[in-house]
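The primary structure of each chain is shown beneath.
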Amino acid sequence: MSIGLTEQEKVRRVTLKRLIDLGINPYPAELFPINTNSKEIKEGYKEAENNFQEVVVAGRFMSKRIMGKASFAEIQDAYGKIQIYINRDEICTGEDKTMYNDVFKKYLDIGDIVGVKGKVFKTQVGEISVHATELILLTKSLRPLPIVKTDSDGKTHDAFTDPEQRYRQRYTDLIVNPHVKEAFIKRTKLTNSMRQFLNHKGYLEVETPILQPIYGGAAARPFKTHHNTLDMTLYLRIANELYLKKLIVGGFDGVYEFAKDFRNEGMSRFHNPEFTQMELYVAYKDYYWMMDLVEEMVEKIALDIHGKTEVQVRKNTINFQRPWKRYTMYEAIEHFTGVDISEMNEAELRITAEKLEVPIDETMGRGKLIDEIFGEKCEPLLIQPTFITDYPVEMSPLAKKHRSKEGLVERFEAVCNGKEICNAFTELNDPIDQRARFEEQLELGKRGDDEAMILDEDFLRAIEIGMPPTSGLGIGIDRLAMIMTNSNSIQDVLFFPQMRPEKKAIEMSDSEKTIFEVLKKEGNLEIADLKEKAGLSGKQWDKGLKGLTKLGLTKVEVNGDTKTICLK
RNA sequence: GACUCGUUAGCUCAGCUGGUAGAGCACGUCCCUUUUAAGGAUGGGGUCCUGGGUUCGAACCCCAGACGAGUCACCA
């Protein structure tokens, strides 16, 4: 058998061959006509009615309990598990008992996908089961699955928990860890609920470019790529804000997009290089209006997913019921630190930050200092959903200046469970001001801020043509999904989180290669001769030769006193 | 990027002071007609993450590295 397979994998390949020899196709092409599933059966079966008497189900073999001529097995389909009862003389009506004795008992393994025809009944122990009349192999599994068992006390044994393996082999994770599937179903409910809400309001779902010649709409480092035909640099979008605003200029009065965005930055349990945001732009609205919309929408999402507005996240019960608390940033800082910073200049802020033990540095301006104090002293304490409004102008080059407060913009974030979940503005539509703000960003860029925004002439042209007063929103779908599914890490709400590449499978080690090369060049050699020619240390020599023998590449021929190493 | 912890059978994990690598489940063979973490008997299965070092001898001690997790830093 092939090198590198485990014993269990070899056994399964032998089994596969036996099945083929028996004329059973382990990978049949034709459709399998299932007419129900585990959930329907468990919920709908009534002993008195004697219903579900001709069922056809299919799923993955998850356990097998053989007791002589009768057996129980469990199959798992998309909705859960159901027990199958198999009796030898019913599966094999004639004299030939191969189907039961060999195929079922020996050749069907945990992990195989099978179809079952039969009738539903309740066992003596009271478990609703399918009494099989026919068993059909639909797919042979060649790799053993981790076996997770739950005992009568509900205690789980041998759970498949290693995060690395779970993320790298999400398919396995999904098979053996039912709660994982639940979390992803909730995530999809979330986006469905949001989409339904926005469609109901009459907004248009759109798609905008992911490959962009100029990246913009946020402050972040991008991924860079190259288009061969046009011979130009393209960037994976870090946001889609500017494109959506161009559509508002074009005359749509409400557009939204569920957007995969890409940021070439650090990874953590809150950050993945690609993540999903929903951005929404609505004409003739301002940020107050948008706050109402966010409250309404997120409350609905919680209701759609959980049937109530309260969501348990670790130790905290978060209640999304409207209305949410609203603080201006100044109010929030005063509330949590007792310090009123609204009238402070940069020097005073610096002193305040130091008093509050907020880490700061020389390069920080007034806006950044305020943001640092907020981020350090307020944000982590905001567990219940809370709107924070009116941010310093320096940090928001795309937001409109506040209608009445000097130095601030009309911007809000919703903070929940100590983390930002959305960001919204009354959008800046004054082209003169917008150009000036971009130019300030250019200055920052020249001073070394590699996340400063780039001036986008096409966007400015659009704004000059005229964008109606508009309110815009960006809401982090992954972060919201983490809260709605009580997940501690973004990796738990992404099917395939980004990971370092897996280590390559076994190849020849250096010492093995050295010996192998000598043998290839010189032909078969006597053992001492080979050792000398290889020129390896004792340890390496021993390891290398043993390794080669194990890989099945060499063998030792003994002839009297001389031992010769041969290539196979 | 810093610190801490981890990496041993297909899975979950033990492995004492450095002395021939273990358990449960899974797998192979055998027994058993309503069981359920089914049971009983028996057997096979290992690059102890990788590479160096110390040692008569390393899963274990030392050094370097890989991968992962957590905390912090960074992150509009």
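Everything below is about the structure printed above this text.
This one's a predicted model, so the numbers in the text were calculated from it and none came from an experiment.

> Before we move on, can you summarise the nonpolar core with the specific residues and values?
Counting 44 residues, the largest nonpolar core has Met194, Met278, Leu280, Met297, Phe320, Leu473 and Met484 as the members making the most contacts within it. Each residue touching Met484, except ones within four places of it in the same chain, is listed here: Lys186, Leu190, Val298, Ile301, Ala302, Ile305, His306, Val311 and Phe320. With 41 residues, the next largest nonpolar core counts Ile341, Ile370, Ile463 and Met467 among its residues.

> An account of the packing of aromatic side chains is needed here, citing residue identities and associated values.
Each aromatic ring pair is specified by the distance between its two centres and by the angle formed by the two planes. Using the criterion set out here, one finds 13 aromatic pairs in the structure. Plain terms: the ring middles of Phe184 and Phe495 are 4.0 Å apart, the flat faces sit at 10° to each other, and that makes the pair stacked. Of the two residues, Phe184 sits in helix α7 (residues 178-200) while Phe495 sits in the loop between α15 (477-484) and α16 (510-522), which places them 311 residues apart along the sequence. For Phe495, a relative accessible area of 39% corresponds to the partly exposed category. Relative to Phe496, the ring of Phe495 lies with its centre 6.1 Å away and its plane at 40°, an arrangement referred to as tilted. Residue classification places Phe496 among the exposed positions, given a relative accessible area of 63%. The ring of Phe104 is capped by Lys64, whose NZ or CZ atom sits 5.7 Å from the centre of that ring. One residue, Arg411, lies across the ring of Tyr391, its end atom 4.5 Å from the ring centre.

> So what's going on with the pairing of strand β15 (residues 316-319)? Which residues, and what values?
With 4 bridges joining them, strand β14 (residues 310-313) and β15 adopt antiparallel strand pairing. From the neighbouring strand, Val313 faces β15, where its bridge partner is Asn316. What sits between the antiparallel neighbours β14 and β15 is a turn of 2 residues, in which Arg314 has the positive phi angle 50°.

> I'd like to hear about the side chain of Ser396, residue by residue, with values.
Residue position: Ser396 is located in the loop between β17 (386-392) and β18 (408-416). In this structure the side chain of Ser396 is engaged in a polar contact, spanning 2.7 Å, whose partner is the side chain of Arg411.

> Before we move on, can you summarise the sheet that holds strand β8 (residues 204-205) with the specific residues and values?
If you trace the 8 strands from one edge of the open sheet to the other, you get β8-β12-β13-β20-β19-β18-β17-β16, paired in mixed fashion. Edge positions in the open sheet fall to β8 and β16 (325-328), since each of these has one partner strand only. Inspection of the sheet shows β18 paired to strand β19 (residues 419-426) by 6 bridges, in the antiparallel sense. Bridge assignment links Val415 to a residue of β19, and that residue is Glu420. Along the sheet, helix α10 (residues 329-337) contacts β16, β17 and β18; its crossing angle with β16, the most-contacted strand, is approximately 100°.

> Before we move on, could you go through a negative patch on the surface and cite the residues and values that matter?
A cluster of acidic side chains, namely Glu331, Glu334, Asp340 and Glu343, defines a negative patch on the protein surface. Looking at where Glu331 falls in the secondary structure, it is placed in helix α10. Of the residues examined, Glu331 reaches a relative accessible area of 42% and is grouped as partly exposed.

> Explain helix α14 (residues 457-466) to me, using residue names and the numbers behind them.
All buried positions along α14 are accounted for by Phe459, Leu460, Ala462 and Ile463. Down the axis of α14, the smallest arc covering the buried residues is 155°, so these residues share one side. Away from the buried face of α14 by more than 90 degrees, exposed residues Arg461 and Ile465 are located. Of the surrounding elements, those touching the buried residues of α14 are α8 (241-249) and α13 (431-446). Backbone nitrogen of Asp458 and a side-chain oxygen of the N-cap are separated by 3.2 Å at the start of α14; the cap is Asp456.

> Any chance you could break down the sheet that holds strand β11 (residues 232-236) for me, citing the residues and the numbers?
Across the sheet, 3 strands lie side by side as β9-β11-β10; this open sheet has antiparallel pairing. Of all strands in the sheet, those bounded by a partner on one side alone are β9 (211-212) and β10 (224-227). Bridge count for β10 against β11 is 4 bridges, and the pairing is antiparallel. The partner of His226 across the bridge, within β11, is Thr233.

Conventions adopted
- Every residue gets a number counted from 1 within its own chain, in the order that chain's sequence is written.
- Each chain takes a letter, starting from A, and each ligand takes a number, starting from 1, following the order in which they are written.
- Where local features are concerned, this predicted model is filtered to residues with pLDDT of at least 70; where side-chain atom pairs are given and counted, the filter is 80 or more; whole-chain, interface and lining totals use all residues.
- With hydrogens and water excluded, all non-hydrogen atoms of the structure serve as input to the side-chain values.
- Among buried residues, those of type Ala, Val, Leu, Ile, Met, Phe, Trp, Tyr and Cys that are joined through side-chain atoms within 4.5 Å constitute a nonpolar core.
- Any residue under 20% of the maximum accessible area for its type is buried, any over 50% is exposed, and the rest in between are partly exposed; the area is computed with a 1.4 Å probe on protein chains only.
- Two residues qualify as a contact provided that any one of their heavy atoms is within 4.5 Å of a heavy atom in the partner residue.
- To pair, rings of Phe, Tyr and Trp, with the six-membered ring standing in for Trp, must have centres within 6.5 Å; the planes then decide the type, stacked if under 30 degrees apart, edge-to-face if over 60, and tilted in the middle.
- Helix and strand assignments follow DSSP, with helices taken as H or I runs no shorter than four residues and strands as E runs no shorter than two, numbered in order from the N terminus.
- By definition, being over a ring means that NZ of Lys or CZ of Arg is both within 6 Å of the ring centre and within 35 degrees of the ring normal.
- Note on pairing: two strands pair once DSSP finds at least 2 bridges between them.
- For the purposes of these results, a polar contact is taken to be a pair of N or O atoms within 3.5 Å, where, inside protein, one atom must be able to donate a hydrogen and its partner to accept one; residues adjacent in sequence count only when each atom of the pair is a side-chain atom.
- Interaxial angle, 0 to 180 degrees, is taken between N-to-C directions of lines fitted to C-alpha atoms, where a helix line uses only the stretch in contact.
- Patch membership requires more than 30% relative accessible area and the absence of a salt bridge. Residues of like charge join within 9 Å; the nonpolar side chains Val, Leu, Ile, Met, Phe, Trp and Tyr join within 5 Å.
- Accessibility throughout is a Shrake-Rupley quantity obtained with a 1.4 Å probe, and a residue counts as covered only by protein chains that appear here.
- The rule for a salt bridge is simple: a side-chain nitrogen of Lys or Arg has to be within 4 Å of a carboxyl oxygen of Asp or Glu.
- Only four residue types enter the charge count, namely Lys and Arg as positive and Asp and Glu as negative; His and the chain termini do not.
- Note that the charge is assigned to NZ on lysines, CZ on arginines, CG on aspartates and CD on glutamates.
- The arc refers to the directions leading from the helix axis to the C-beta atoms.

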